[in-house]
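Single-letter residue listing:
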Amino acid sequence: MDLEGKRIVVVGGSRGLGRGLAEAFVARAADVTVVARNADAAQGAGERPAVTAISADATDADAAWRIMEQTRPDLVIMNAGAEPPMERIDRIGWEAFTTNWNVDVKAALHWVQAALTFPMTPGGLVVLVSSGAAVQGSPLSGGYAGAKRAQWFIAKYAEGLSAQLGLGLRFRVIVPRQMFAGTGVGDTGIGAYAAAAGRTFAEQAATWPDMTPRAFGDMVADLIGRTDLAEAMVYAVRGDTGVTVIE
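These numbers come from a predicted model, not from an experiment. (Residues numbered from 1 in each chain as written. Predicted model: local features only at pLDDT ≥ 70, side-chain atom pairs only at ≥ 80, totals over all residues. Heavy atoms only, no water.)

### As for the packing of helix α3 (residues 61-71) against helix α5 (residues 99-117)
Alright, step 1. Contact geometry of α3 with α5 gives a least axis separation of 9 Å together with a crossing angle of 40 degrees. By the angle class used here, α3 and α5 are oblique. You can see that α3 and α5 cross each other, and the crossing is right-handed. On the side of α3, the interface is formed by Ala61, Ala64, Trp65, Ile67 and Met68, while α5 contributes His110, Trp111, Ala114, Ala115 and Thr117.
Alright, step 2. Grouping the constituent residues of the contact of α3 with α5 by class yields 8 nonpolar, 2 polar and no charged. (Axes fitted to C-alpha atoms, helices over the stretch in contact; angles between N-to-C directions. Helix = DSSP H or I, 4+ residues; strand = E, 2+ residues; numbered from the N terminus. Parallel < 35°, antiparallel > 145°, perpendicular 65-115°, else oblique. Left-handed = near helix turned anticlockwise from the far one by under 90°. Contact = heavy atoms within 4.5 Å. Nonpolar A, V, L, I, M, F, W, Y, C, P; charged D, E, K, R; others polar.)

### A word on the pattern of salt bridges
Alright, step 1. Enumeration over the complete set of coordinates arrives at 13 salt bridges.
Alright, step 2. Across the pair Glu83 and Arg15 runs a salt bridge, and its minimum N-O distance is 3.5 Å. Taken together, the positions of Glu83 in the loop between β4 (75-78) and α4 (94-97) and Arg15 in the loop between β1 (7-11) and α1 (16-27) put the pair 68 residues apart, joining distant regions of the chain.
Alright, step 3. A relative accessible area of 53% places Arg15 in the exposed class.
Alright, step 4. Between Asp57 and Arg37 there is a salt bridge, with the nearest N and O atoms lying 3.3 Å from each other. Taken together, the positions of Asp57 in the loop between β3 (52-55) and α3 and Arg37 in the loop between β2 (31-36) and α2 (39-42) put the pair 20 residues apart, joining distant regions of the chain.
Alright, step 5. Within this structure, Arg28, Arg214, Asp218 and Asp222 form a network of salt bridges that share partners. (Salt bridge = Lys/Arg side-chain N within 4 Å of Asp/Glu carboxyl O. Buried < 20%, exposed > 50% of the residue type's maximum accessible area, 1.4 Å probe, protein only.)

### Quick look at the side chain of Asn100
Alright, step 1. Structurally, Asn100 is set in helix α5.
Alright, step 2. In this structure Asn100 touches Ala82, Pro84, Pro85, Val105, Tyr144 and Ala147, once residues within four positions along its chain are discounted.

These figures capture arrangement, not role.
Structural data, given as structure tokens:
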């Protein structure tokens, strides 16, 4: 996929990995729309004034439909998610445990449904940003790991339905297999695991490869531009090993 001129919607693109993705797509001359609760923060997510910022709740089904109709994207990146409440399994309450189900999974479901039923133009690509926790678990973050794994199933179900209905749409998953310091989810996780291990934040952060959100965005943008994500459905991204296929 030549990203130049492509209409790309980054849901949850005002900060963290989403901002890194938005910046990377803008640098490749794509027409980028960032969807975030704080549209003012999203305005700075580009190196040129081609970023359109829309203020919306990613979990709002009506907003997903409205924005899909307004932007008619070639590519949707679903990155929106909540910072997981960090607590041991014997201490966490149900409301906290289901936080990421009520945000990450709900948002993924609504945007995938909008892509399927609007529908997007044949050849459209929807990418869900999951987490390495979906592979190895995360015992201090409640239902986070299960929620991020559920996004895989949503993508698989949507891919199958697209084929069944002849829509010509593709659904893929990107799995960041590391924590990123300087992001909401990353700092929350690093802080909790540092405390549990008796380490400082810096010591715990150093257990992961050095990689910035923008570097992550560049790696994903290059992968999409080079392969169109045609090889597989789930891809892992990590600072030291680059991109690998999970399945």
